[in-house]
Structure formats: C-alpha cells, structure tokens
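Reading the structure
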Amino acid sequence: MSDVANAAEQIVDTPATERLIQPYPVSLDDIICLVRRGALLHDTGKAHPDWQAEAQRTIQGRRNGPLPHHSARSAAYTFESLRHVPLDLSADDTEPYEVALTLAVLHHHTNLSQERMLMKNDDTVRPDAKHQEMVDALARHVSSSTVTIPDVYPVETTITDNTRVFLDNIRTHYNPGTDKYDLVGALTTLIRSAIRQADIHVSSGGSVPLPKTLNAANINLFSSLRPYQQKIDTISHTICLGLAGCGEGKTHSACQWGQEMIEQGAADRLVFAMPTQVTGNNLYQTLNKERIADDVGLYHSGSELALEEINDEQREVAEYFPERSRRWFQAPVTVCTVDHVLRTLLNAYPDAATAKANLLRSAIVFDEMHVYDLHLVGNILGAMQMFNKNDVPWYVMTATLPEQIQQTFPLDDAARIVSEGVDDQRRVRQPFTVETKPQKLDTADVIDYIGTSGMSRIMVVKNTVSEARNLAQALTDVTNASVTYYSSEFPNIDRSRKETEIQETFGTDAGEAERTHVLVTTQVCEISLDLSADVLLTDIAPMDAIIQRAGRLHRKGHAPVSENCSCQQCSRKHDSLSYRCIVFSPLDQVTCLYPYASEEGTDSWTVGTSRLV
C-alpha cells in the first residue's frame, strides 16, 4: 500500500492541483496528506475475516464470481482511525476533510453518485467497522510507510455508532450549494481519482501508466507567427474567446495559450474539445504531423478504429496510453469530442469521477464553437461556469459565433482576441470573391468548370445527402474527371479511408494535379476537413455555413487572383486563376425564409431576398 501512496502523491503533487484547490481553505501539503492517508487505508477492508474467508474459498476453487466488496469496510476503518490519529492539516475544522477522505475510500471502486452513497443492508456491502483492537492497530501504523493488520482478531464484528451516523447522514449534513458541500465534493473527487489511478498502476506492475503531465518545453511552436497568433502571444488570461477566420492559425494559437497556462501553473495538461469525431481525428493527425505537441491522446467512441490507421511512430504513443488512459485524460495532450468533456463533468459514465479530476487540472480548448445548436451551446456555457468555479482555464475558438452568444455569461467575461483579417505582410486577406447565381446547382453547372485552365480542384457542396450522391454519380457517368463523393452516410471505417483520399488531392499541402478532381460533399465539410479548393460551388445556406464552406477555398491565400498571391497553392499555377465562391440561390423557388420571414410582401422578406441576391 505504500507503493500506492507514493504513486498517488506523485499524481497530485503539481502546481495545477494547487490552483484547483485555491477556492478552498486547504493547501497542497494538506492534499498530499489526505491522499497518502487514503492510499494507505483504501484496502484495509480486505483484512476482515469474512473477506479473507471468501478469498480463500475462491483460491481453492470452492467459490465462483468476484470477491465480495471491501470498500465499505475500508471506509469504516478509515473513519474510525481518524478518531485516533487525527489529520495533520492547516485547517482548524477538519471534519469536511475527514468526510471527503472517507468517501474517497468508500468509492474507490465505484462511481461517485447519489445512488452509490445510499448503503444497502446486505452483508456483501455493509460497512462492518472492526472493534477497538483493529482500530488501535490501524492507529499505531497509519503514519508509517505500511499498514500492518493483526494476524488474529475476533470474527464477530459490529457497526460502531459513529460510522453508522456518518453513512446515514452524510448527504443531509452537507447540503448542495453550501461551501462545505463544494469543499467535500472537490476533495473527494481529487483524492478518489488519485487513489484509483495509483492503485491500478501498482496492481498492473507499472504496465498501466500514471497520468503524464505536460511540460511547456514539449510544446513545439513555430518561430514565425501569423498576425492572429502574434496577438495570442501577448495574452496571459486564463479564459479567452478567439474570433478568427479559417486559415489564420487558431490551432497553433491554442497551443500557444496552452503553453502559457502550463508555465503559469494553471494547468498540467491540455484538452481539445472538438465538435465531431472527424474534426478530432484531423486535429490529432495535425498535432502529430507538425510535431506541435508530444504525446497526444485521442478519445471518442470511434477512436480505436481511427488509431488503426496511424503510422508506427504515433502508434507507440497510442499503445503507451491505452483506451482507458485516453478516456481519463491521462495523456499530456488529449483530443476528444465535446460530449466526452460534458459527460465527464456529469459523472455520466463508469469511472467518470476518475477522469474528472484530471480534466479539472487541464486547460480546455473548445474549437468550432459556432457549429453547435443552442441546446448544446447552453450545456457548454454551463460547463464553462463549472470550470470558472474551479479556476479551470478555457479558450473558445470560433469564426462565426453570433454576437448574442458572445455576450452571454460566462463568455462575456472572457478576454476577446479578434483577428484583424490581415496576412503575414499586414495585407487585408481576401482569398476569393463571392458570386451568386439565381438557379439550382446541377450537373451542367459543375461540367462548365471542368477543364478550365488552372482549375484542377473543384469542390461542390449540396445541402442533402441524396442530392450530393446523385450529383456525384451523374458526374462520374458523363465526365472524365476524378469524382469523389463524401458525406455522413459512410460508416466510420470507410470515412477514415475516404478522408485520407480527399486530403491527398484537396489538402492544403497537396500538389497540383494533372487531372481535374471534383469533390462532391455535404455540410459535413464545414468543420471536418482541412481542404483548399480552386473553386467552390455551393447550395444556398445560412451565412455562417457559407462562411465555413468558403473556408475550404484557397485556404492559405491572401488575394483572389493567383498572380497576385504568393501562397504555395498559387505558386503551382501556370496560368492566372480567379478563386471564386459561387452560391446557387434559386430565388424564384423560395417560398419561405424561415426564421427571418414567412411570407412575401413583408419588410423581412424584402430584406432577406435582397441580401440573398
């Protein structure tokens, strides 16, 4: 048990732990004291004669199934031992700390939930507190490196009055919303998580890793920064809202901010919360490809499949941090979906409380905030309020988040970093022009651009899967162009291969193709792929969606004509090319402009249709 205590101390002995407990009357030394005490006592329930008898029966093959619960007995022993060896803490009132320590031991094999705190009356989980002889033995050895249990003690045991009162009234005495309730909750989560992770690490013989903290020196930033990144470089705020368009280096800016949070001691790891699995996969690949950060973990419901496609060097990191470790945010950098962050905060999956303590010592980046519906935005804002309560740093990145949401608490308290819309030479960025056509986008419109000089990569976005599929099939039948179809209807195993294929021809670093390539896709492209087309043909859509789609056009350029632009994409063009986003808007077929206007002849209708034109 001393090995578990040492490993648990290693987990919590970080500046980020000190930051996490700042709102409460407790020091880092107090936390280490609590964690070591809990780690030394967490398995004492196994010394109970009933548990030992069942263990012997199992070893001898006379019993099937798991061993009986020991956590409740361990918690009872812990609570009783505190009566004899008080905690050496800086606080005058040690009761909340004793409660938190006992709860952490009680739940070191179960999730922290109200249901789990209601003890059952059957013998398998009832917390039998050993009589005075057992308690005295614990008291004599609790401060040493090991806890020695007497070889012989009476089998008959009873529940002491103190323990019964504790278990029956804990939630009554600590009501939600009180300072003591918040203190006990924070301490219990932190202590339990450290014990749980240390116990698994030691029990595995070290093959299951401990959480690995992020060293600021291991974040490899570019020596030359873009204008928006230069702004971030001057920021030291722990909560930030970044407003910048596609191609301005927001991902790199997040790593800059994360490095600052690590150096401040505000966090010991970095977490990217992404809107989709695809965006998570792509960011994971980008961080590894550009070597911006070392030891990156990827977690979402399809991450195991995605990791099968990675190269050998990245696979070594994935194998060091197995699936459970990545789910628990044990890697220095974790890329996950935003739902995993929310479910962790809500204890919505087994052992979420273990992951939660690691998450609360992280710096959180919310990317593509504008893509969420209002319900999910509300949940994310609630998560930010919880992070604020625990001084957890967060950074929201977006291109088109509505002003009304920007002014909503707690975003309105964040430091706002706004792009000036200029390139590296301080020139105004205008990488393309926008045109509209009052007609429906069909096969003939795409064919008109196939074969145009210099236009080797044509991107077409339809609003529905069926229309995109039919258009792709029609183009395949009547043209010699290489046509790729991509939408959300592909299963994960095929989507991963499809994304690789698309990146090879439409990626920002893809070379100039001799043959014309046409990508027919849906709104899935708005947040999923880092692409750079020569022309974009799109169905009419909400303005923020059009902006996101257009972000996949001439992505790193600064001027709409190739001969006036010095980006890598333009340097490969032999002939002059004008980059255009063409929005197909069949206004004669429009019968409603929901939610802006419901019928013709109104002022809203006039304004809406004029803007569409």
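Residues numbered from 1 in each chain as written. Predicted model: local features only at pLDDT ≥ 70, side-chain atom pairs only at ≥ 80, totals over all residues. Heavy atoms only, no water.

Quick look at the sheet that holds strand β10 (residues 482-486) now. Read across the open sheet, the six strands follow the order β8-β13-β12-β9-β11-β10; overall the sheet is parallel. Bordering the open sheet on either side are β8 (433-437) and β10, each of which pairs with just one other strand. The mean inter-strand angle of the sheet, taken between neighbouring strand axes irrespective of direction, is 15°. When β10 meets strand β11 (residues 517-521), the two strands line up parallel, connected through five bridges. Residue pairing across strands places serine 482 opposite histidine 517, the latter belonging to β11. Along the sheet face, helix α23 (residues 492-506) touches β9 (457-461), β10 and β11 and points at about 135° away from the line of β10. (Pairing = 2+ DSSP bridges. Helix = DSSP H or I, 4+ residues; strand = E, 2+ residues; numbered from the N terminus. Axes fitted to C-alpha atoms, helices over the stretch in contact; angles between N-to-C directions. Contact = heavy atoms within 4.5 Å.)

What follows deals with the pairing of strand β4 (residues 333-337). Within β4, five of the five residues are buried, which leaves it mostly tucked inside the rest of the structure. Side chains Val333, Val335 and Thr337 of β4 all project onto a buried face; the interleaved residues Thr334 and Cys336 project onto the opposite face, where all are buried too. Pairing of strand β2 (residues 269-274) with β4 involves five bridges; the strand directions are parallel. Along β4, the bridge assignment pairs leucine 270 with valine 333. (Buried < 20%, exposed > 50% of the residue type's maximum accessible area, 1.4 Å probe, protein only.)

This brings us to the side chain of serine 193. Here serine 193 lies in helix α10 (residues 179-203). Assessed through its relative accessible area of 1%, serine 193 is described here as buried. Here the side chain of serine 193 touches glutamine 197 through a polar contact of 2.9 Å, side chain to side chain. (Polar contact = N/O pair within 3.5 Å; in protein donor to acceptor, adjacent residues only side chain to side chain.)

On to the sheet that holds β2, then. Taken in spatial order, the seven strands line up as β3-β4-β2-β5-β6-β1-β7 in an open sheet, and their pairing is parallel. Looking along the sheet, the strands with just one partner apiece sit at the ends: β3 (296-299) and β7 (415-418). On average, each strand axis in the sheet is inclined to that of its neighbour by 20°, with strand direction left out of account.

Quick look at the packing of helix α1 (residues 2-12) against α10 now. At a closest axis distance of 8 Å, the pairing of α1 and α10 adopts a crossing angle of 125°. The angle between α1 and α10 falls in the class oblique. Between α1 and α10 lies a crossing whose hand is right-handed. Note on element contacts: α10 touches α1 through Leu190, Ala194, Ile195, Gln197, Ala198, Asp199, His201 and Val202, opposite Asp3, Val4, Ala7, Ala8, Ile11 and Val12. A breakdown of the residues in the contact of α1 with α10 according to their chemical character gives ten nonpolar, two polar and two charged. (Parallel < 35°, antiparallel > 145°, perpendicular 65-115°, else oblique. Left-handed = near helix turned anticlockwise from the far one by under 90°. Nonpolar A, V, L, I, M, F, W, Y, C, P; charged D, E, K, R; others polar.)

Regions with low pLDDT should not have their predicted coordinates read in detail. Mean pLDDT over the protein: 83, with 84% of residues reaching 70 or higher. Ranking the elements of the protein by mean pLDDT puts helix α8 (residues 132-141) last with 42 and strand β5 (residues 362-366) first with 98. (pLDDT = per-residue confidence, 0-100.)

Now for unusual backbone geometry. Negative phi values dominate among residues other than glycine, just as trans dominates among peptide bonds. A cis amide bond, omega 5°, links phenylalanine 409 with the succeeding residue proline 410. By the secondary structure assignment, proline 410 is in the loop between α20 (403-406) and β7. Phi at aspartate 351 is positive, roughly 65°, even though this residue is not glycine. Along the chain, aspartate 351 turns up in the loop between α17 (338-345) and α18 (352-359). At aspartate 391, a residue that is not glycine, the phi angle is positive and equals roughly 55°.

This brings us to helix α12 (residues 250-264). Compared with an ideal rise of 1.5 Å per residue, which puts 15 residues at 21 Å, α12 spans 21 Å between its outermost C-alpha atoms and is within 8% of the ideal. With respect to burial, α12 is a largely interior element, eleven of its 15 residues being buried. Within α12, the full set of buried residues consists of Lys250, His252, Ser253, Ala254, Cys255, Gln256, Trp257, Gly258, Gln259, Met261 and Ile262. In this structure, the buried residues of α12 make contact with α11 (227-232), β1 (239-243), β2, α13 (277-289), β5 and β6 (394-398). (Expected span 1.5 Å × (residues − 1).)

This paragraph deals with the packing of aromatic side chains. Under the counting rule described, the total for this entry stands at four aromatic pairs. On the numbers, 5.5 Å between centres and 50° between planes, the contact of tryptophan 257 with tyrosine 395 is tilted. In this pair, tryptophan 257 is assigned in helix α12 and tyrosine 395 in strand β6, connecting sequence segments 138 residues apart. Each member of the pair tryptophan 257 and tyrosine 395 is classed as buried. Measuring from ring centre to ring centre gives 6.5 Å for phenylalanine 366 and phenylalanine 387, while their planes differ by 40°; the resulting arrangement is tilted. Of the two residues, phenylalanine 366 sits in strand β5 while phenylalanine 387 sits in helix α19 (residues 374-389), which places them 21 residues apart along the sequence. (Phe/Tyr/Trp six-rings, centres within 6.5 Å; stacked < 30°, edge-to-face > 60°.)

In this structure, Phe366, Phe387 and Trp394 are the most contacted members of the largest nonpolar core, which totals 77 residues. With nine residues, α10 is the largest single contributor of residues to this core. In terms of nonpolar packing, the next biggest core, distinct from the first, is built from 44 residues, Leu441, Ala472, Tyr486 and Cys570 among them. (Core = buried A, V, L, I, M, F, W, Y, C linked by side-chain atoms within 4.5 Å.)

Turning to the pattern of salt bridges, a few remarks are in order. Within this structure, the stated rule accounts for 21 salt bridges. Close ionic contact of glutamate 323 with arginine 327 constitutes a salt bridge, the shortest N to O distance being 2.6 Å. One end of the pair is glutamate 323 and the other is arginine 327, both in helix α16 (residues 323-327) and four residues apart, which spans about a single turn. Glutamate 467 is paired through a salt bridge with lysine 440; the nearest N and O atoms lie 3.6 Å apart. Here the residue glutamate 467 occupies a position in helix α22 (residues 465-478), and lysine 440 occupies one in the loop between β8 and α21 (443-447), the gap between them amounting to 27 residues. (Salt bridge = Lys/Arg side-chain N within 4 Å of Asp/Glu carboxyl O.)

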